[in-house]
Amino acid sequence: MMKSKPRFYSMGRSFGTIALMVAMATPASGAVESIPSAPTTLTSTSTRMISYRHQQHMWQTPDGATHLLVNRGFQVPGGALQLQSTFDAGATWSSGPSLPQTNGLNVSDGQLSGNDLYVAYANANNQIMLGLLRYDPALKTWSLLRNQSVAVQSGVVYSNPAIGFDRAGNLYVTYVAQDSATLVYSLRMSVRAAGQLAWTELPQVFGSSDAESAQRSGRPVLTPDGIGMIFTVHDGMYWAQRQDGWSLDTPWSLSTIYMTPPPSDPDPYASHFSVVRDTAGNVHMATVDKGRVLYARYLAATQAWETPRQVTPPMGAGWVQLTISGDNLVLMANMLSMVRVYQSGNAGNSFIATHMLTHPLAPDGSGLDYGAPRMETPSVSTSPIPTVQQYIEGQTQKLMFFAVPVVPAP
């Protein structure tokens, strides 16, 4: 079993230290409500149970049900990536289809369109695949309708995919490719034209290529006049975009959003960022830098990125998650092993700390470990927002559940 991803801030701090950090990060104008955790039956042997942060693994279908794509590891041999659904706000979960030829190392990203879920995922053969799953709201069941290769080539190892659509119906999947001979990593993209089944890998490489590490990730997102992609390579965060009407082989335009100042963040996949798009067409991005949370947005009105700004002081943050719920932008970030909730009712102009997602301390010798607090929410949600947080008990990865209320905008 893989070990938890190392982070650069210790999670083993006392409640006194946490309380001091809470005071530092809490606006004087309001109190922060504590929400205790509820156990779930969801378990795994994989540390990548709900990884990575820039990908989407949870969705709400039009009937209000919540669905989560979990990596079950050795618990589901040959089909580790498995859909789980809850119809009672996280109290019980039912298992759905598994994605074939997946193991505990494979990660995924999905986009929901009505009752259709498009999932890009890496499989055990180091390929990138696309699965189409359809939900039946009457039967409350999922079916795997189609599965096809997106990227497969001898001598190349593929991983870390993310998926996006444009208004014309073209599909875009970005991923990391490593040449097995040279060990060089690069961030690439394949495109499937609307109405077609064949995938074409673009000649363009996003960012630098090197054998230093796999540290790079991409997240496609719709823009007011086309499609863009936030991507990271080592310490740089960049923006690529294309306009509606461009030919699919036209190179994307590139610009820089943010460069992490030294020392470097050790995130092995540069994936600790979260992206959502609101109904006005603005793109919102949250990330972490040396234990603090940064936020930036791409404004539809100016079609440009604002300079990233600090939302929190250094508080041990390593994981973030964004959700749009009604008129609110909800940002979650871990404060050591707890999760802090910030909400904005003005499209990201300002954030207010509203909740702390809490769990009991781990008794000595209990085998409980809350030290890698990955969390997952839908990118678009009703209130309360279904939220899961990962932890370890003995050799088993588990998820706890929270229902996070949306605070009406003042």
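Residues numbered from 1 in each chain as written. Predicted model: local features only at pLDDT ≥ 70, side-chain atom pairs only at ≥ 80, totals over all residues. Heavy atoms only, no water.

Draft legend 1. Main features of the overall build of the protein chain. In terms of helices and strands, the protein chain carries 1 helix and 31 strands. For 410 residues, the compact-globule estimate of 2.2 N^0.38 gives 22 Å, and the C-alpha radius of gyration of the protein chain, at 20 Å, lies within 12% of that figure. In terms of its C-alpha atoms, the protein chain occupies a principal-axis envelope of roughly 55 × 45 × 45 Å. Relative to its full complement of 410 residues, the protein chain shows a buried share of 55%. Restricting to contacts in the protein chain with at least 6 residues of sequence separation, those with at least 24 account for 52%. (Helix = DSSP H or I, 4+ residues; strand = E, 2+ residues; numbered from the N terminus. Rg over C-alpha atoms; globule rule 2.2 N^0.38 Å. Buried < 20%, exposed > 50% of the residue type's maximum accessible area, 1.4 Å probe, protein only. Contact = heavy atoms within 4.5 Å.)

Draft legend 2. Structural detail: the packing of aromatic side chains. Scanning the model with the defined rule gives 13 aromatic pairs in all. Aromatic pair Y118 and F165: ring centres 5.1 Å apart, planes at 80°, arrangement edge-to-face. With Y118 in strand 8 (residues 116-122) and F165 in strand 11 (residues 156-165), this pair connects stretches of sequence that are 47 residues apart. The rings of Y172, F206, F231, Y238 and W252 are connected pair by pair, giving a single aromatic cluster. (Phe/Tyr/Trp six-rings, centres within 6.5 Å; stacked < 30°, edge-to-face > 60°.)

Draft legend 3. Fine view of the sheet that holds strand 9 (residues 128-136). The 4 strands are arranged 7-8-9-10 in an open sheet whose pairing can be described as antiparallel. Looking at strand neighbours, the two that pair on one side only are strand 7 (108-113) and strand 10 (141-151), the edges of this open sheet. Ignoring strand direction, the axes of neighbouring strands in this sheet form an average angle of 20°. (Pairing = 2+ DSSP bridges. Axes fitted to C-alpha atoms, helices over the stretch in contact; angles between N-to-C directions.)

Draft legend 4. Molecular detail of the pairing of strand 15 (residues 216-223). Burial within strand 15 is extensive, with 7 of its 8 residues counted as buried. Strand direction decides the pairing type here: strand 15 and strand 16 (residues 226-233), joined by 8 bridges, are antiparallel. If you follow L222 over to strand 16, its bridge partner there is I227. Remark: 2 residues form the turn of the hairpin made by strand 15 and strand 16, two consecutive strands paired antiparallel.

Draft legend 5. Seen up close, the sheet that holds strand 1 (residues 33-36). Strand order across the open sheet formed by 5 strands is 1-27-26-25-24, with mixed pairing between neighbours. Looking at strand neighbours, the two that pair on one side only are strand 1 and strand 24 (320-325), the edges of this open sheet. Strand-to-strand twist across the sheet, computed as the mean angle between neighbouring axes with direction ignored, equals 25°. As defined by bridge partners, strand 24 adjoins strand 25 (residues 328-335) across 6 bridges and the pair is classed as antiparallel. Residue pairing for strand 25: S325 is matched across the bridge by N328.

Draft legend 6. Molecular detail of the confidence of the model for the protein chain. For the protein chain, mean pLDDT is 93; residues scoring 70 or higher make up 92% of the total. Contacts for the low-pLDDT stretch residues 1-29, under 50 throughout, to residues beyond four places or in other chains number 66 contacts. (pLDDT = per-residue confidence, 0-100.)

Draft legend 7. Expanded view of the pattern of salt bridges. Under the criterion given, the structure shown has 11 salt bridges. A salt bridge links E201 to R188, with the shortest nitrogen-to-oxygen separation between them at 3.5 Å. Linking E201 in strand 14 (residues 200-201) with R188 in strand 13 (residues 185-192), this pair joins segments that are 13 residues apart in sequence. Owing to a relative accessible area of 30%, E201 belongs among the partly exposed residues under this scheme. Here D289 and R292 are joined by a salt bridge, their closest N and O atoms 3.1 Å apart. (Salt bridge = Lys/Arg side-chain N within 4 Å of Asp/Glu carboxyl O.)

Draft legend 8. Main features of the environment of I227. Take I227: it is sitting in strand 16. When its relative accessible area of 1% is taken as the criterion, I227 is described as buried. A C-alpha to C-alpha distance of 5.7 Å links I227 and R242, two positions 15 residues apart in sequence. Among residues more than four places away in sequence, those in contact with I227 are G164, F165, D166, Y172, P220, V221, L222, A240, Q241, R242 and W252.

Draft legend 9. Representation of the environment of S253 within the structure. One can find S253 in strand 18 (residues 253-259). With a relative accessible area of 33%, S253 lands in the partly exposed category. Ignoring anything within four residues of it in the chain, the contact list for S253 reads W239, A240, Q241 and W246.

Draft legend 10. Structural view of the nonpolar core. If you look at the biggest cluster of nonpolar residues, it comprises 19 residues, and the most contacted ones within it are V293, M315, L329 and L331. Mapped by element, the contributors of at least two residues to this core are strand 20 (283-289), strand 21 (292-299), strand 24, strand 25, strand 26 (338-344) and strand 27 (352-358). Sorting elements by how many residues they give to this core places strand 25 first, with 4 residues. Counting residues in hydrophobic clusters, the runner-up holds 18 residues, among them M189, V191, A240 and Y269. (Core = buried A, V, L, I, M, F, W, Y, C linked by side-chain atoms within 4.5 Å.)

Draft legend 11. Molecular detail of the pairing of strand 24. In terms of burial, strand 24 is largely enclosed, as 6 of its 6 residues are buried. By the alternation rule, side chains of strand 24 split into V320, L322 and I324 and Q321, T323 and S325, which are all buried.

Draft legend 12. Local environment of the environment of T61. Position of T61 relative to the elements: it lies in the loop between strand 3 (58-60) and strand 4 (66-71). Note: C-alpha distance between T61 and D265 (204 residues apart in sequence) is 36 Å. Those residues in contact with T61 that lie beyond four places of it in its chain are H67, L112, N115, Y135 and W142.

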